Amino acid sequence: PGQLGLPALGAEPRVASGSASAAVVGVAVASLGAATTRRRKQLERKHKARVVATKALAIADAPPPALVISEEDPSAFTLGIVGDLHLDPRDTEHSFEGREHMKKALDGAPRPFMVSLGDLGESKDCNETKQLFSGTTECFKMAREFLDGFGVK
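Keep in mind that this is a model prediction, so the values were computed, not measured.

What follows deals with the environment of Val-152. Mapping Val-152 onto the fold places it in the segment after helix H3 (137–148). Sequence separation of Val-152 and Leu-79 is 73 residues, and the distance between their C-alpha atoms is 10.0 Å. The contact partners of Val-152, leaving out residues within four places of it in the chain, are Leu-106, Pro-112, Phe-113 and Met-114.

Okay, here's the thing in structure tokens:
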């Protein structure tokens, strides 16, 4: 006989009786039950993973939430950022045009502030002094006047 009282492969089938065969049947049923439970849990995990993935895709495809700015919110402010102005006293037309665009964007915004990052002045001799315009007192004065023209802090 094979293991657990089962007939060996190729042996004549026999009818078993008694407690030994009942135990074999019980082990087989318990094994089948455990396998079914494992399979069910495996399917539940896969289903849960699919649900999570579906929700993540739905969130990714959704439009971003609307930005709501309340005038009453004491922490609300608007920040205008300009950078690398490279102000050139010989050609200010585009600088002033850009400033007007920014002023329109900040108009009516709650507590507007302006910051400038990067270079203020042109890195050339703009006033025939044989020195770079950027970093000079004249450049900083021009930049101050330009930035004050935004009318915000």
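Now that the structure has been shown, the text picks up again.
Here we take up the environment of Phe-140. If you trace the backbone, Phe-140 turns up in helix H3. The exposure class of Phe-140 is partly exposed, given its relative accessible area of 46%. With 53 residues separating them in the primary sequence, Phe-140 and Leu-87 have C-alpha atoms 9.8 Å apart. Beyond its immediate chain neighbours, meaning those up to four positions away, Phe-140 contacts Leu-120 and Gly-135.

Looking now at the pairing of strand E1 (residues 78–83). Residues of E1 alternate between two faces, with Thr-78, Gly-80 and Val-82 buried on one and Leu-79, Ile-81 and Gly-83 left unburied on the opposite face. Strand direction decides the pairing type here: E1 and strand E2 (residues 112–117), joined by 6 bridges, are parallel. Bridging from a neighbouring strand, Gly-83 pairs with Leu-117 of E2. Taken together, E1, helix H2 (residues 93–106) and E2 form a β-α-β motif whose crossover is right-handed.

Let us look at the nonpolar core. Core analysis: the largest hydrophobic core is formed by 13 residues, its most contacted members being Leu-85 and Leu-87. Look past the residues within four positions of Leu-85 in its chain and what remains in contact with it is Ser-116, Asp-119, Leu-120, Phe-146 and Leu-147.

We now examine the pattern of salt bridges. With the rule as written, the count across this model stands at 4 salt bridges. Arg-90 serves as the salt-bridge partner of Asp-88, at 2.9 Å between the closest nitrogen and oxygen. Its salt-bridge partner being Arg-144, residue Asp-148 comes within 2.9 Å of it at the nearest N-O pair. Highlighted residues: Asp-148 and Arg-144, both in helix H3, separated by 4 residues, approximately one helical turn.

The rules behind each value
- Residues numbered from 1 in each chain as written.
- Predicted model: local features only at pLDDT ≥ 70, side-chain atom pairs only at ≥ 80, totals over all residues.
- Heavy atoms only, no water.
- Helix = DSSP H or I, 4+ residues; strand = E, 2+ residues; numbered from the N terminus.
- Contact = heavy atoms within 4.5 Å.
- Buried < 20%, exposed > 50% of the residue type's maximum accessible area, 1.4 Å probe, protein only.
- Pairing = 2+ DSSP bridges.
- Right-handed = clockwise from strand over helix to strand, strands pointing away.
- Core = buried A, V, L, I, M, F, W, Y, C linked by side-chain atoms within 4.5 Å.
- Salt bridge = Lys/Arg side-chain N within 4 Å of Asp/Glu carboxyl O.

These figures capture arrangement, not role.
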